[in-house]
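# Fold and contact review
Here are the chains, one letter per residue:
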Amino acid sequence: NYLDTSTLASLQFAVHHLKVKVLLVLGHEMCGAVKAAMLPNEVLEKEPLQLAEALQNIKSGLDQDRLKHLHDSRAHDREAVTTNVKQQVERLRRDKGIM
């Protein structure tokens, strides 16, 4: 759902030490984490610290302006998941420990 420190470290290890050549970033429709990340900040702040942090990190990568124009709930969820995947791919692409 989000490229955190331990996930990034695992991927860096795989690329550098196991010689993994391809990383695949996937998303899925109806993702509960992405859906939860779209809740208002006041709701997210009531979650346990680590969960709130993870959801805020996901939320920060979503294109809120684009999402607010989608009124069909399935299209909204699909776009949010797609945006999250693209954000994680971009983070991997910029990471010198991966590329």
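This text goes with the structure placed above it.
## Description of helix H1 (residues 5-17)
Look at H1: 18 Å from first C-alpha to last across 13 residues, which is about the 18 Å you get at 1.5 Å a residue. Against helix H6 (73-94) lie the buried residues of H1. Lys 19 sits one or two residues past H1 and shows a positive phi near 60°.

## A closer look at empty space enclosed by the protein
All chains considered together, the criterion is met by one cavity of 30 Å³ or more. In this structure, the largest cavity encloses a volume near 30 Å³. Lining the largest cavity are Glu 29, Met 30, Arg 74, Asp 77 and Arg 78. Of the residues contributing to the lining of the largest cavity, the split by class is one nonpolar, no polar and four charged.

Rules used in this analysis
- Residues numbered from 1 in each chain as written.
- Predicted model: local features only at pLDDT ≥ 70, side-chain atom pairs only at ≥ 80, totals over all residues.
- Heavy atoms only, no water.
- Helix = DSSP H or I, 4+ residues; strand = E, 2+ residues; numbered from the N terminus.
- Expected span 1.5 Å × (residues − 1).
- Contact = heavy atoms within 4.5 Å.
- 1 Å grid on protein atoms, 1.4 Å probe; cavity = no way out; pocket = protein on both sides within 12 Å on 5 of 7 lines; lining within 4 Å.
- Points joined across faces, edges and corners; volume = space filled by probe spheres on them.
- Nonpolar A, V, L, I, M, F, W, Y, C, P; charged D, E, K, R; others polar.

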